[in-house]
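Observations on chain architecture
So the chains spell out like this:
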Amino acid sequence: MPGNEESAEKFWGQFHGPNAGYLEQQYELYKEDPEQVESSIKALFDAYGAPAWMTGAEVVFPISEQTASNGNISEDFDVTKLTSAIKLVEAIRRYGHTDADIYSVGGYKSAPSVMLDLKHYNLTEEDLKKIPASWIWEREKEDVQTGLDVINLLKKYYTGTITFEYDHVNNDEERTWLFDLIEEGNARFDPDQEDRKDILKRLYEVEGFEKFLHKTFVGQKRFSIEGLESMVPMIDYLVKYANEDNIEHVMMGMAHRGRLAVLANVLKKPYDKIFSEFNYTRDKELMPSEGSKAINYGWTGDVKYHFGAEKEVIHGSKVNTKITLAHNPSHLEFVNPVVEGFARAAQDERDVSGYPVRDTNKAMPLIIHGDAAFIGEGVVAETLNLSGLPGYTTGGTVHLIANNQLGYTTDRVDGRSTRYASDLAKGFEIPIIRVSADDPISCISAVKIACEYRKKFHKDVLIDLVGYRRYGHNEMDEPRTTQPQLYSEIDNHPSVSTLFARAMEERNLLESGGFDEIKNEIDTKLSDIYKGMTETEIGEPQPKSMPEVLSNRLDQFETAVDLETLKGINKELLKRPEGFEGFKKTERILKRREDALEEGNKADWGTGEALAFASILKDGTPIRLTGQDTERGTFAHRHVVLHDVNTGEKYSPMHGLSDVKASFDVRNSPLSETGVLGFEYGYSVYSPSTLVIWEAQFGDFANAGQVIIDQFIASARAKWDEKSNMVLLLPHGYEGQGPEHSSARLERYLQMAAENNWIVANVTSSAQLFHLLRRQAAMRSRPEARPLILMTPKSSLIRDYKMASSAEEFTTGGFKTLREQPYFDTDPKKATRLLLGSGKIMIDIEGEMEEAEANCDWIRALRVEQIYPFPKKAIQEEIQKLPNLKEIVWVQEEPKNMGSWDFVDDYLRELLEEDQELHVISRPKRAAPAGGIPTVHKTAHQYIIDQALNEFEGGK
């Protein structure tokens, strides 16, 4: 509202008689406590101050033309009509979305909201005509003179085919920007005639494609976009705006609904490639035409509506914009954090020391959600929470809900507790634009607003695209069984292209018969492409094998570092910036590392890890390390980020290394596994030259991210040829802490181990960790690259001197898949038992042997440090050195049905010779990974050690 003195005097000049007395009374209350006054009256005093006659100012009575034409304000004008009109204006802004024209079918069948009803405010249209527009609305428009004009205009803005929710956004600047954009009438996209024709053609390209698939490949699943066809021109314009803003990448994630239409029309996947993927004939293959663009996937493949693609586009900008549609599984929404990881990787410049330099203009994420899944899947909330965090923000994501008002066969009343599918976003203060999929101009308007908001505020924004689903969840499903009324409406509802063409004809923007010409052109094109394809006899289809390169030896990489370099690194890691005062206890702990590489000393686990990170950075390889408590380390061994006790300033010793041209990006993550793990996976895929490491607080917490592990990390290369070199650090070891803090569920990773899809290791020295991490870094960007799943020590083991290594172990050799077990003075001719094990149990056996007096020269003991790929050949060579071997014994601290046993059993059994036996020493089969009573744990653990060091019968 106007706030200058002249405006205030004119405003108060409208009131006299009883109204003036009422306002005087209200102002006295306002002076005592503004909250005593009704909110709309308070708003008047906030804007115009005290009534002019109470301050002695000359009252200026306006007149003139506006008030005269409005019938002027008579002495019996009721001031409460004004306050009611102000309330109505605010109600339209806040609740206009409840009456918006966004449902072409379905929708809410209840009566219109009383919050927008004039009667609710004791108002009539005549009352509103008496109120000058300027009293209740801050803007000036020639055709808006009265209060009624204002109400009608605001209803047009807030209750049409596009509507807005932004009252939950607490930032005043953002709210004001949205408010101004909407009410100044700038929210609407206004294309010219040619643009409208292009949009119409685009709509039918989508519809025609879907119809062609429907009639040509009868009964086959495709998860049609029909009912939401406007999504494609929306994406077109989003890419166009991104290109105009010089954004280099648009990273897309979406489920299978409409995916084929997006692949064909946005990513330009050749139609004949898509048609060929519909061919299910056992002994024939439908071949694309010669010259069709090749698209490579993994060797096991996936269904056609899970694949992604890439395409570069240009709309006149100097920068080409690359669209990347991520591959995704059927698990809805789990691709979301992966796409965010893609975007962050594209935005980060990693060729500098310290944290990466980020440019949000390098990439913009676009995530297309399902309405039921958006509010139903917890990964959505986890991903939204990442949006404002320094280590994860991508400068704003455009979220688009493909809202077909159903979740498979589940109605929204059974699928969510909120009115809208988008309501989850309100908790993150994300503005919401809701739009009817039957109005493509409003749809593109929503995209325009979203892109401008993201550009200005670098924050997430959401578009709720409300349409319907022409068929069932898939085309083999019969939706009329469960939603007969809704589908009765859908069956009689024209497509959006038909509606848009009709509207253009009514406005003389499309000549009669013009739409038929568009349809015939597109239908003929699709038909001709299909007719040009041929069927080829292929015989009995055979499964493909993994690439030969994945069979390459992993010991080809040089990982040792010379002593002088390591000593220099270790010295630099203990330097601090001038004036920096760290916590004394922490500094004392780190100071102990100073002489770790001197003769006679050893480097513990934390030192070995620090040397690995620093030497990798010196080699020019960026590192990204995240997880809960990762800066310090769950077990306080790392301290890679220090805090000044006086200023709170942070400093990472990794950032103080000299001659480093690679970033070290270490972040404490939010309390999330699925979202963060998906993000880091995405980062590792899009930046294969970076060593990406995710650390679980405890190893078993990773099971909260099991979908990411199963569907992406373990299998993405086989399905989609998507490569990742990321590392998972999973604290693992039985210390009597109970079932949730003992096992990292090693058995699950081994169960999924095949086709050299990853490396699974459980190492027992700081030098082994050093070489293993350096080997992983050396594989980056190479065809041999694969994830590393590493069991890491916990509190009782991480500082154990038996885990420490001498300098020579860092400066010579490399990672050993098998290690000698100390304190076994074995006579090869006497050895009758080959004892094999991995991880903490072998350290515990070492401790027992250190104190033991018994002679165990009949046992040959080895540590299996890399469980997959299994070192079968190396073990076989050891067996051949033992001529009197009678038994191979696998020892583990986990229950028999967990840990490594079920995995190594097959490999070891193949190594047995005649009259040799295979045994396992472990806890018995259990439902829970570990017990919760420390004394019972200790007894059971000692029993395993005793069995390993003594002859026994049975236990096979």
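What counts, and where the lines are drawn
- Residues numbered from 1 in each chain as written.
- Predicted model: local features only at pLDDT ≥ 70, side-chain atom pairs only at ≥ 80, totals over all residues.
- Heavy atoms only, no water.
- Salt bridge = Lys/Arg side-chain N within 4 Å of Asp/Glu carboxyl O.
- Helix = DSSP H or I, 4+ residues; strand = E, 2+ residues; numbered from the N terminus.
- Buried < 20%, exposed > 50% of the residue type's maximum accessible area, 1.4 Å probe, protein only.
- Arc of directions from axis to C-beta.
- Contact = heavy atoms within 4.5 Å.
- Polar contact = N/O pair within 3.5 Å; in protein donor to acceptor, adjacent residues only side chain to side chain.
- Core = buried A, V, L, I, M, F, W, Y, C linked by side-chain atoms within 4.5 Å.
- Axes fitted to C-alpha atoms, helices over the stretch in contact; angles between N-to-C directions.
- Parallel < 35°, antiparallel > 145°, perpendicular 65-115°, else oblique.
- Nonpolar A, V, L, I, M, F, W, Y, C, P; charged D, E, K, R; others polar.
- Pairing = 2+ DSSP bridges.
- Right-handed = clockwise from strand over helix to strand, strands pointing away.
- Phe/Tyr/Trp six-rings, centres within 6.5 Å; stacked < 30°, edge-to-face > 60°.
- Lys NZ or Arg CZ within 6 Å of the ring centre and 35° of its normal.
- Domains from an automatic or database assignment.
- Lys, Arg positive; Asp, Glu negative; His and termini not counted.
- Left-handed = near helix turned anticlockwise from the far one by under 90°.

1. A look at the pattern of salt bridges
- Tallying each qualifying case throughout the model produces 62 salt bridges.
- Put simply, E695 and R638 hold a salt bridge, and the shortest N to O gap is 2.7 Å. With E695 in strand β19 (residues 691–695) and R638 in the loop between β15 (623–627) and β16 (642–643), this pair connects stretches of sequence that are 57 residues apart.
- A relative accessible area of 5% means that E695 is categorised as buried.
- Among the charged side chains, a network of salt bridges with common partners joins E165, D423, K426, R434 and D464.

2. Here we look at helix α23 (residues 563–573)
- If you check which residues of α23 are buried, you get L566, I569, N570, E572 and L573. What you see down the axis of α23 is that its buried residues fit within an arc of 160°, all on one side. For α23, the exposed residues lying more than 90 degrees away from the buried face are E564 and K571.
- Where the residues of α23 are buried, they touch α25 (605–618), α30 (766–778) and α32 (807–811).
- Looking at where α23 begins, the residue whose side-chain oxygen comes 3.3 Å from the main-chain nitrogen of E564 is D562.

3. Remarks on the nonpolar core
- Judged by nonpolar contacts, the single largest core of 121 residues is most densely connected at M231, M252 and I463.
- Sort the elements by how many residues they give to this core and helix α19 (residues 440–457) lands first, with 10 residues.
- Not counting residues up to four positions away in its chain, the partners in contact with M231 are I225, M254, V262, I368, L400, A402 and L465.

4. Some words on the environment of D423
- Its location among the elements puts D423 in the loop between α18 (412–415) and β12 (432–436).
- Setting aside anything within four residues of it in sequence, one finds D423 in contact with E165 and T418.

5. A short note on the packing of helix α33 (residues 840–851) against helix α36 (residues 934–949)
- α36 packs onto α33 with a crossing angle of 70° between their chain directions and a minimal axis gap of 10 Å. Classified by the interaxial angle, the pair formed by α33 and α36 is roughly perpendicular. For the pair α33 and α36, the contacting residues are K840, I841, D844, I845, E848 and M849 in the first and H941, Q942, I944, I945, D946, A948 and L949 in the second.
- Broken down by class, the residue content of the contact of α33 with α36 amounts to seven nonpolar, two polar and four charged.

6. So, the pairing of strand β28 (residues 917–923)
- Across the seven residues of β28, six count as buried, placing the element largely inside the fold.
- The pairing of strand β27 (residues 887–895) with β28 spans six bridges and is parallel. Bridge pairing in β28 places V889 opposite H919.
- With helix α35 (residues 901–911) bridging β27 and the parallel β28, this β-α-β connection has right-handed handedness.

7. Describing the packing of aromatic side chains
- Applying the stated criterion across every chain yields a total of 33 aromatic pairs.
- Ring centres of W177 and Y453 lie 6.0 Å apart, and the angle between their planes is 55°; this geometry places the pair in the tilted category. With W177 in helix α10 (residues 172–183) and Y453 in helix α19, the pair connects residues that are 276 residues apart, well separated along the chain. Accessibility assignment for this pair places W177 and Y453 in one class, buried.
- With a centroid separation of 5.7 Å and an interplanar angle of 85°, the aromatic rings of W177 and F457 are classed as edge-to-face. Placement of W177 in helix α10 and of F457 in helix α19 is noted, with a sequence separation of 280 residues between them. The same class applies to W177 as to F457, namely buried.
- Cluster of aromatic residues (ring-pair linked, three or more members): F209, F212, F217, Y271, F275, F278 and Y530.
- Its end group placed over the ring of Y392, R624 keeps NZ or CZ at 5.3 Å from the ring centre.

8. Side note on α35
- For α35, the set of buried residues is W901, F903, V904, D905, L908 and L911.
- Looking at the packing, one finds that the buried side of α35 touches α29 (746–751), β24 (833–837), β26 (866–868), α34 (872–879), β27 and β28.

9. Quick look at unusual backbone geometry
- Following Y868, the chain continues to P869 via a peptide bond in cis, the omega torsion being -10°.
- Inspection of the secondary structure assignment puts P869 in the loop between β26 and α34.
- For Q405, which is not glycine, the phi dihedral falls at a positive 70°.
- Following the sequence through the fold, Q405 ends up in the loop between β9 (398–403) and β10 (406–407).
- Phi is positive for E429, which is not a glycine, with a value near 55°.

10. A look at the domain arrangement of the chain
- The domains assigned to the chain are domain 1 (4–54), domain 2 (79–160), domain 3 (193–537), domain 4 (554–812) and domain 5 (820–949).
- One C-alpha centre belongs to domain 1, the other to domain 5; they are set 87 Å apart.

11. Thoughts on the side chain of R923
- Inspection of the secondary structure assignment puts R923 in strand β28.
- Nearest to the buried, unbridged R923 among oppositely charged side chains is E893, at 5.3 Å.
- For R923, the side chain forms a polar contact with the main-chain oxygen of E893, separated by 2.5 Å.
- Setting aside residues up to four positions removed in sequence, R923 forms contacts with Y734, Q892, E893, E894, P895, K896, H937, A940, H941 and I944.

12. Topic: the packing of α10 against α19
- Contact geometry for α10 and α19: axes closest at 12 Å, N-to-C directions at 150°. What the angle tells us is that α10 and α19 run roughly antiparallel. Helix-helix and strand crossings are classified by hand; for α10 and α19 the assignment is right-handed. In this structure, α10 uses E173, E174, W177, L178 and L181 to contact α19, whose residues at the interface are I449, E452, Y453, K456 and F457.
- Tallied by class, residues from the contact of α10 with α19 come to six nonpolar, no polar and four charged.

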